[in-house]
Amino acid sequence: MFSNAEIGIDLGTANILIYSKTKGVVLNEPSVVAIDVNTKDVVAVGTEAKEMIGKTPKNIIPIRPLRDGVIADYDVTAQMLKVLLKKVSKKIGVSMRKPTVVVCTPAGSTAVERRAIHNAITSFGAKTVHLIEEPVAAAIGADLPVDEPLASVVVDIGGGTSEVGIISFGGVVSSNSIRVGGDNLDEEIIHYIRKTYNVLIGERTAENIKMEIGYAHPNHKEDTMSIRGRDMVTGLPKTIDITSTEIHEAIKEPLLKILDAVKATLEDCPPELSGDIVDHGVVLTGGGSMLQGMKEWLASELNVPVHMAPNPLEAVAIGTGKSLKIINKLQKAAK
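Reading the values: the criteria
- Residues numbered from 1 in each chain as written.
- Predicted model: local features only at pLDDT ≥ 70, side-chain atom pairs only at ≥ 80, totals over all residues.
- Heavy atoms only, no water.
- UniProt positions renumbered as here; feature names shortened; annotations may be inferred.
- Helix = DSSP H or I, 4+ residues; strand = E, 2+ residues; numbered from the N terminus.
- Buried < 20%, exposed > 50% of the residue type's maximum accessible area, 1.4 Å probe, protein only.
- Contact = heavy atoms within 4.5 Å.
- Core = buried A, V, L, I, M, F, W, Y, C linked by side-chain atoms within 4.5 Å.
- Pairing = 2+ DSSP bridges.
- Axes fitted to C-alpha atoms, helices over the stretch in contact; angles between N-to-C directions.
- Salt bridge = Lys/Arg side-chain N within 4 Å of Asp/Glu carboxyl O.
- Parallel < 35°, antiparallel > 145°, perpendicular 65-115°, else oblique.
- Left-handed = near helix turned anticlockwise from the far one by under 90°.
- Nonpolar A, V, L, I, M, F, W, Y, C, P; charged D, E, K, R; others polar.

An unreviewed UniProt entry annotates the protein chain as Cell shape-determining protein MreB of Oceanobacillus indicireducens. In its Subcellular location (unreviewed entry) section, the UniProt record describing the protein chain reads: "Cytoplasm".

Next comes the structure, spelled out in structure tokens:
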């Protein structure tokens with residue numbers, strides 16, 4: 001065992017990923033904590049807590065302490081990190097005493113939000129904490145040449161935020177961060193089914209619908225899915241059939257907001273770098289980018305090549321870990 005572990009943390013709204021310099025991504029669990037409201041004790045964290053959503057007695061509430069990529073509940077986030085780091089410590093056989101940590105923050109986060117993330121990480125005894133902007137971490141994790149004088153465009157669609165960044169010479173040339181992500185797509189599906197069918201469904205059902213028959217591109221082969229929910233008139237369970245065309249209509253608005261953010265970032269790009277974008281295109285990372293037809297839809301709307309990162313779900317976590325090597329260069333570029 002060595003005392004000074006070096007880890008990268010992707011503190012996501014939907015999932016927390018922890019990257020170890022020696023073992024790669026060692027933890028990927030939902031950012032959910034189940035709390036006993038009477039005692040204020042943490043009952044479960046991560047996967048175990050997510051499975052409790054919509055199924056717990058009144059005294060146990062599963063909550064997401066991160067909203068829109070930033071900390072909404074400071075104390076619960078700190079407790080969650082302590083539990084997950086203990087789990088990582090056992091898994092990789094490395095002491096987490098005074099680790100050096102790189103953690104990503106949304107490009108549009110405020111100084112107060114960054115300070116909250118910094119404090120939550122230091123509260124469990126981190127020796128050094130480096131903050132890195134999410135688009136830069138995503139670009140590093142997607143193996144883009146971030147420290148070269150080339151425009152690397154990355155679109156990271158997470159659970160709570162979508163980050164768009166143009167990176168050159170290790171720094172962000174142009175970026176946009178919008179608080180729209182995979183969670184918003186789930187909310188739109190819940191809202192659509194309630195309004196159209198008078199049926200109430202939960203977050204997990206909405207997420208399953210999105211993954212099964214959610215399409216970004218309007219032109220697709222139509223799929224149908226049977227779902228169960230609660231009839232709002234009778235209060236009894238009800239099964240309904242929905243189509244992928246309906247779901248596309250339901251999630252169209254947040255998808256267009258993501259497209260607008262990408263277009264706005266590309267419009268801010270210096271002319272000298274525009275040629276690189278035409279040649280190399282845009283790289284997608286994040287869980288939201290895995291929506292069916294997302295790559296094809298963005299390519300048709302932007303008229304530039306669109307590629308998927310080799311490992312879109314883990315790109316940001318891998319980037320935070322890899323950035324330990326080049327963190328000094330990145331900090332100089334930011335000054």
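(A) A look at the UniProt feature "binding site: ATP" (unreviewed entry) in the protein chain. As recorded in UniProt, the sites labelled "binding site: ATP" (unreviewed entry) are T13, A14, N15, G159, G160, T161, E207, N208, I209 and K210. Within the secondary structure, N15 sits in strand β2 (residues 15-20). The class of N15 is partly exposed, set by a relative accessible area of 28%. Apart from the residues within four sequence positions on either side, N15 is in contact with D10, N28, E29, P30 and S31. Every residue in contact with G159, bar those within four places of it in the chain, is listed here: T13, A14, G181, G182, D183 and N184.

(B) Inspection of the environment of H191 at higher detail. Summarising the element assignment, H191 is placed in helix α5 (residues 182-197). Expressed as a C-alpha distance, the spacing of H191 and A206, which sit 15 residues apart in the sequence, is 9.8 Å.

(C) Up close: the nonpolar core. Ranked by internal contacts, the top residues of the largest apolar core, which has 44 residues, are I193, I201, I209 and M294. The leading source of residues in this core is helix α7 (residues 244-267), at nine residues. Core analysis: the second largest hydrophobic core is formed by 27 residues, I18, I35, L66 and V103 among them.

(D) Region of interest: unusual backbone geometry. In this structure, D143 is a non-glycine residue whose phi angle is positive, near 65 degrees. For D143, the location among the structural elements is in the loop between α4 (134-141) and β11 (152-157). The backbone of N198 sits at a positive phi, close to 60 degrees, despite the residue not being glycine. Turning to its location among the elements, N198 is positioned in the loop between α5 and β14 (199-200). Since its relative accessible area comes to 36%, N198 is described here as partly exposed.

(E) Quick peek at the sheet that holds strand β6 (residues 60-63). The strand order across the open sheet built from three strands is β5-β4-β6, with neighbouring strands paired in antiparallel fashion. The sheet terminates laterally at β5 (42-45) and β6, the two strands that pair on one side only. Adjacent strand axes in the sheet meet at a mean angle of 20 degrees when their direction is disregarded. Note: strand β4 (residues 33-36) against β6, four bridges, orientation antiparallel. Paired with A34 across the strands is P62, a residue of β6. Along the sheet, helix α2 (residues 74-92) makes contact with β4, β5 and β6, crossing β5 at roughly 60 degrees.

(F) A look at the pattern of salt bridges. Counting across every chain of the model gives 10 salt bridges. Linking E29 and K87 is a salt bridge whose minimum nitrogen-to-oxygen distance equals 3.0 Å. With E29 in strand β3 (residues 24-30) and K87 in helix α2, this pair connects stretches of sequence that are 58 residues apart. Owing to a relative accessible area of 12%, E29 belongs among the buried residues under this scheme. E113 serves as the salt-bridge partner of R179, at 3.2 Å between the closest nitrogen and oxygen. Residue R179 is located in the loop between β13 (171-178) and α5, and its partner E113 is located in helix α3 (residues 111-122); the two are separated by 66 residues in the primary sequence.

(G) Expanded view of the pairing of β5. Inspection of the sheet shows β4 paired to β5 by three bridges, in the antiparallel sense. Across the sheet, the residue bridging to I35 is V42, located in β5. Linking β4 back to β5 in an antiparallel pair, the connection comprises five residues, with K40 at a positive phi of about 65 degrees.

(H) Spotlight on the packing of α7 against helix α9 (residues 294-302). Between α7 and α9, the least distance of the axes is 11 Å, while the angle of their chain directions is 50 degrees. Of the possible angle classes, the one that applies to α7 and α9 is oblique. In the crossing of α7 with α9, the sense of the turn from one axis to the other is right-handed. Listed contacts from α9 to L255, L256, L259, V262, K263 and L266 of α7 are M294, W297, L298, E301 and L302. Within the contact of α7 with α9, the residues separate by chemical class into nine nonpolar, no polar and two charged.

(I) Summary view of the sheet that holds strand β18 (residues 306-308). In spatial order, the strands read β13-β12-β11-β17-β18; together these five strands make up an open sheet with mixed pairing. Each edge of the sheet is formed by a strand with only one pairing partner; in this case those strands are β13 and β18. Within this sheet the neighbouring strands show an average axis-to-axis angle of 20 degrees, counted without direction. Where β11 and strand β12 (residues 162-168) come together, six bridges link them in antiparallel fashion. Opposite V153, over in β12, you have I166 as the bridge partner. Sitting on the sheet, α7 is in contact with β11, β12 and β13, with an inclination near 155 degrees to β13.

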